[in-house]
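# Fold and geometry: a report
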Amino acid sequence: MLSGKAGEVTHLQDKSLKIAEHQVTRLDEMISELLDVARIESGNIDLEYELVNVKELVDSCIQWLTPISEKKKISLCNKMEDNENAFAQIDKKKMSRVFINLISNAIKFTPENGKIEISKKDQKEAFVFCVSDSGIGIPKEQINKIFDKFYQVDSSVTRKYKGSGLGLVIVKEIVELHGGKIWIESESGKGSRFSFTIPKPVV
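Conventions and cut-offs
Residues numbered from 1 in each chain as written. Predicted model: local features only at pLDDT ≥ 70, side-chain atom pairs only at ≥ 80, totals over all residues. Heavy atoms only, no water. Helix = DSSP H or I, 4+ residues; strand = E, 2+ residues; numbered from the N terminus. Buried < 20%, exposed > 50% of the residue type's maximum accessible area, 1.4 Å probe, protein only. Axes fitted to C-alpha atoms, helices over the stretch in contact; angles between N-to-C directions. Left-handed = near helix turned anticlockwise from the far one by under 90°. Contact = heavy atoms within 4.5 Å. Nonpolar A, V, L, I, M, F, W, Y, C, P; charged D, E, K, R; others polar. Phe/Tyr/Trp six-rings, centres within 6.5 Å; stacked < 30°, edge-to-face > 60°. Lys NZ or Arg CZ within 6 Å of the ring centre and 35° of its normal. Core = buried A, V, L, I, M, F, W, Y, C linked by side-chain atoms within 4.5 Å. Pairing = 2+ DSSP bridges. Salt bridge = Lys/Arg side-chain N within 4 Å of Asp/Glu carboxyl O.

### Side note on the environment of V98
Within the fold, V98 resides in helix α3 (residues 92-108). Taking the relative accessible area as the measure of exposure, V98 reaches 0% and is therefore buried.

### Considerations on the packing of α3 against helix α4 (residues 167-177)
Where α3 contacts α4, the axes come no closer than 9 Å and their chain directions differ by 140°. Once α3 is placed against α4, the crossing between them reads as left-handed. Between α3, through K94, M95, R97, V98, N101, L102 and N105, and α4, the contact on the second element is made entirely by G167, L168, I170, V171, I174 and V175. For the contact of α3 with α4, the class distribution of residues is 8 nonpolar, 3 polar and 2 charged.

### A few points about the packing of aromatic side chains
The full count for this structure, using the stated rule, is 4 aromatic pairs. Aromatic ring contacts, followed pair by pair, group F99, F127, F129 and F196 into a single cluster. In this structure, K181 packs its charged tip against the face of W183, placed 5.7 Å from the ring centre.

### Observations concerning the nonpolar core
Formed by 39 residues in total, the largest nonpolar core has its most connected members in M95, F99, I103, I118 and F196. For this core, the secondary-structure elements that each account for two or more residues are α2 (54-71), β3 (87-91), α3, β4 (115-122), β5 (126-133), α4, β6 (182-186) and β7 (192-199). Ranked by the residues each element gives to this core, the list is headed by α3, at 7 residues. Those residues in contact with I118, other than ones at most four positions away along the chain, are V58, I62, L76, C77, N78, K79, M80, F99, I103, C130 and V131.

### Describing the pairing of β6
The alternating pattern of β6 places I182, I184 and S186 on a buried face, while none of W183 and E185, on the opposite face, is buried. Summarising the sheet, β6 and β7 pair through 5 bridges and their orientation is antiparallel. Pairing of W183 across the sheet is with S195, part of β7. Turn length for the β6-β7 hairpin, with the two strands adjacent in sequence and antiparallel, is 5 residues, and the turn residue G189 shows positive phi of about 80°.

### Topic: the pattern of salt bridges
This structure, assessed with the given rule, holds 6 salt bridges. A salt bridge links E117 to K115, with the nearest nitrogen and oxygen atoms 3.9 Å apart. The partly exposed category is assigned to K115, whose relative accessible area is 45%. Residue K120 pairs with D122 through a salt bridge whose shortest N-O separation is 2.8 Å. K120 gets classed as buried once you look at its relative accessible area, which sits at 13%.

On their own, these measurements won't tell you what the molecule is for.
Take a look at the structure:
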């Protein structure tokens with residue numbers, strides 16, 4: 001209908017149809033996330049492991065999200081060097097979802113002209129990947145609840161951002177299915193830093 005194939009669309013009709021389209025898209029996303037959580041909680045989810053260059057994986061996620069970040073004039077940077085040893089035994093599709101979710105959240109809660117960086121640190125038996133931003137941050141008293149199902153930070157600043165409250169739940173479950181852990185460091189008005197570990201491949 002929006003394309004005009006069913007006849008000419010008036011300005012008021014166009015506006016109403018676009019609102020309906022947006023709401024349908026949101027509902028579809030929420031249903032998908034609910035199904036993902038149900039699969040994870042029932043144990044009905046399998047990981048397809050392969051040896052992946054995580055630096056290249058992050059680059060592809062950044063490329064996919066760059067059009068969104070450019071609209072807000074946000075700098076999106078992968079701080080991992082090309083020569084870094086960042087190969088991990090992971091499910092590529094599911095780990096892509098982790099990075100895309102964390103980066104898109106950072107874009108959502110970072111004001112115009114902000115900065116988002118993805119970096120990696122080495123531990124003895126694991127890689128530590130970090131997604132940090134210069135966004136609005138999270139109050140300290142709410143940090144422990146951020147991975148709770150359906151929970152969203154409630155403030156006058158964040159209420160305008162819509163979501164199901166399931167994205168971070170899925171991120172946490174995927175990381176833990178890989179044998180890793182995830183945590184957050186944040187403060188209101190001073191940005192957030194999401195970090196998670198992935199075990200190094202056994203040599």
